[in-house]
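Inside the fold
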Amino acid sequence: MEGRSRVRQVRARALLCLAVLNIFVLVAGFVALDVVRSRPPATMPYPVAFAEDAPDAAPQDAPRVDPERLADKLDDPMSDSGFADGLTAFVADAQTGDRLFARDGDETAVPASTTKIVTAVAALHAMGPSARLSTDVVRDDNGGIVLVGGGDPTISTDGTFEHYPRPATMENLAIETAAALRESGTDSVSLAYDESLYSGSDMPPGWKPTYVTEGSAATVHALMLDGGRVHPEQHYSERVEDPPSVAADAFAEQLEEAGIEVTGDPAPGEAPDNADPIASVQSPPLSELVEWMLLESDNNIAEALFRQVALAQGHDASSAGGTEAVDEIMTELKVDDVHIEDGSGLSVNNRITPKALVDLVLLAADPEHPGLHATLSGLPTAHFTGTLDSRYSPESGSYAGAGVVHAKTGTLNGVSTLAGTAQTADGRLLAFAFMANDPAAMASTLDTFTSVLAECGCS
């Protein structure tokens, strides 16, 4: 019986994975957006991939959680966690916003990559879900051309690296550029590259130098290829030393392939003011970049969006400008106790409260803010997608959360965080944030807390 069940699980999971993010968006959306009354009710109280029979749809009038019963369920595992002194938490009803549980919920803590929830909300609010980042080619004053970085860290070489969403490619940019040059009678050009859109240090404050050498992130530039990865298909690939130069070299090679001779080596330069592009390629829409960033915890997408928020708010595209811009947006959205100095959460200088993270999750589900919904659809699904794919397994002790917990993970030395939504056994949707700042902090322990939410009817 166990063998047949395992076969059904593997087969069903394989079928689901064929649809990759399309299926994920539907599942995550139906569950996480259950609070939006204009949306359909959640249809997966537990994942079909792990079910003997198809589940019933979650009722819209699922019973409310009793705060005292929830506290009784959470108190013991939290006390037994081994890092109770550095543990903070906040849980709210996703439909009403009512507080259900708090443990020092107003105390700030280092958020690690749950910072990306802040970045997602700020970027979607400032720029809108349809915004795109453009990589352009313009003519210089001497008959050559300039490759101008617009901050898209996802642009790839030629589409060989397959990914959803599909990134722009240097190949397509070169083909369009070559056509424009030939139309003007040009078959040979010099090439410069301009990465001046961003200012300040290419290492945000609070970053450790090892982040780059270990492959967690590349240095931050307005012109880069595949997030600065040497091996684009590897999330934690080693990073190139000079991302703009590598991107320009790749573009030069594609120009040669398209029939345009590039004289000399690409060199740093600046585009003439107000020069019209002769060719451009666009990133995926911002909503898809946000989902990509959250699902895979992509640090360079996060840093790009952080600086784009600065630009959208009228600040310099630097880490300091991003901090100012996010502060303004959080004030506008009435979310307190958020201070971030980078967009990815690699900075140890960031401070956020559990309540603020829950407030942002609730805000993203608010029907009055439909432009923020990608923050929810991008959250990884427990034991299914993204950074939660390998967590909440049957052997983990947290299996109750598989498929019904959708959350952003966060991990640094001595830091483990998790924030998102969970559906209870009765079908009630909760928003939560658990934050551990302690040398003994472990992600698996936070998974145990969220599985309590999933198991608890608590009505």
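Residues numbered from 1 in each chain as written. Predicted model: local features only at pLDDT ≥ 70, side-chain atom pairs only at ≥ 80, totals over all residues. Heavy atoms only, no water.

1. Notes on the overall build of the protein
- A count of helices and strands for the protein gives 13 helices and 12 strands.
- A burial count over the protein gives 57% of its 459 residues as buried.
- A separation threshold of at least 6 residues defines the contact pool for the protein, and within that pool the share at least 24 residues apart is 68%.
- If you sum the accessible surface of the protein, you get close to 18,500 Å²; carbon and sulfur atoms cover 47% of it. (Helix = DSSP H or I, 4+ residues; strand = E, 2+ residues; numbered from the N terminus. Buried < 20%, exposed > 50% of the residue type's maximum accessible area, 1.4 Å probe, protein only. Contact = heavy atoms within 4.5 Å. Areas by Shrake-Rupley, 256 points an atom, 1.4 Å probe, with all protein chains shown as cover.)

2. Let's talk about the sheet that holds strand β10 (residues 405-412)
- If you walk across this open sheet you meet the 5 strands as β2-β1-β12-β11-β10, and the pairing is antiparallel. In this open sheet, the two strands that pair with only one neighbour each are β2 (99-103) and β10. Strand after strand, the sheet turns through a mean of 5 degrees between neighbouring axes, direction not considered.
- The pairing of β10 with strand β11 (residues 415-423) spans 8 bridges and is antiparallel. Following the sheet pairing, Gly-410 is matched in β11 by Thr-417. (Pairing = 2+ DSSP bridges. Axes fitted to C-alpha atoms, helices over the stretch in contact; angles between N-to-C directions.)

3. Topic: the sheet that holds strand β3 (residues 134-139)
- With mixed pairing, 5 strands are arranged side by side in an open sheet as β6-β5-β4-β3-β7. Edge positions in the open sheet fall to β6 (261-268) and β7 (279-282), since each of these has one partner strand only. With direction set aside, neighbouring strand axes in the sheet form an average angle of 20 degrees.
- In this structure, strand β5 (residues 188-194) lies alongside β6, joined through 5 bridges in parallel fashion. Following the sheet pairing, Tyr-193 is matched in β6 by Pro-268.

4. Let's talk about helix α3 (residues 67-79)
- An ideal rise of 1.5 Å per residue puts 18 Å on 13 residues; α3 measures up with 18 Å between its terminal C-alpha atoms.
- For α3, every residue scored as buried is listed here: Leu-70, Ala-71, Leu-74, Pro-77 and Met-78.
- Those residues of α3 that are buried lie in contact with β1 (87-93), β2, β12 (429-437) and α13 (443-455).
- Regarding α3, its N-cap is Asp-66, as a side-chain oxygen of that residue lies 2.9 Å from the backbone nitrogen of Glu-68 further along. (Expected span 1.5 Å × (residues − 1). Polar contact = N/O pair within 3.5 Å; in protein donor to acceptor, adjacent residues only side chain to side chain.)

5. Details of the state of the cysteines
- A complete count under the given rule lists 1 disulfide for this structure.
- Note that Cys-456 is cross-linked by a disulfide to Cys-458, the S-S spacing being 1.0 Å. Of the two residues examined, Cys-456 and Cys-458, each falls in the buried class. (Disulfide = S-S within 2.5 Å.)

6. Let's talk about the packing of aromatic side chains
- In total, this model carries 3 aromatic pairs according to the counting rule given.
- Seen in terms of ring centroids, Phe-432 and Phe-434 are 5.6 Å apart; in terms of plane orientation they differ by 35 degrees. Their pairing is tilted. By the burial criterion, Phe-432 is buried, and Phe-434 matches it.
- Chaining the aromatic ring pairs together yields one cluster made of Phe-432, Phe-434 and Phe-449. (Phe/Tyr/Trp six-rings, centres within 6.5 Å; stacked < 30°, edge-to-face > 60°.)

7. Some points on the environment of Ser-113
- In this structure, Ser-113 sits in the loop between β2 and α4 (115-127).
- Residue classification places Ser-113 among the buried positions, given a relative accessible area of 10%.
- In this structure, the C-alpha to C-alpha distance between Ser-113 and Gly-345, residues 232 residues apart in sequence, is 4.4 Å.
- In contact with Ser-113, not counting residues within four places along its chain, are Ser-297, Asn-299, Ser-344, Gly-345, Lys-408, Thr-409, Gly-410 and Thr-411.

8. So, the confidence of the model for the protein
- Per-chain confidence: the protein averages 88 in pLDDT, with 87% of residues scoring 70 or above.
- Confidence over residues 1-58 falls short of pLDDT 50; this stretch has 95 contacts with residues more than four positions distant or in other chains. (pLDDT = per-residue confidence, 0-100.)

9. Observations concerning the side chain of Ser-377
- With respect to the helices, strands and loops of the structure, Ser-377 is situated in helix α12 (residues 374-377).
- Among the polar contacts listed, one links the side chain of Ser-377 to the backbone oxygen of Ala-374, at a separation of 3.4 Å.

10. Regarding the environment of Ser-216
- By the secondary structure assignment, Ser-216 is in the loop between α6 (210-213) and α7 (243-257).
- Once the C-alpha coordinates of Ser-216 and Asp-298 are considered, the two residues, 82 residues apart in sequence, prove to be 8.6 Å apart.

11. A short note on the pattern of salt bridges
- A complete count under the given rule lists 5 salt bridges for this structure.
- Where Arg-64 meets Asp-98, a salt bridge forms, and the shortest distance between an N and an O atom there is 3.9 Å. Taken as a pair, Arg-64 in the loop between α2 (20-32) and α3 and Asp-98 in the loop between β1 and β2 lie far apart in primary sequence, 34 residues in all.
- Given a relative accessible area of 52%, Arg-64 falls into the exposed group.
- Here Asp-93 makes a salt bridge to Arg-428, at a shortest N to O gap of 2.8 Å. Of the two residues, Asp-93 sits in strand β1 while Arg-428 sits in the loop between β11 and β12, which places them 335 residues apart along the sequence. Neither residue differs from the other here; Asp-93 and Arg-428 are each classed as buried. (Salt bridge = Lys/Arg side-chain N within 4 Å of Asp/Glu carboxyl O.)

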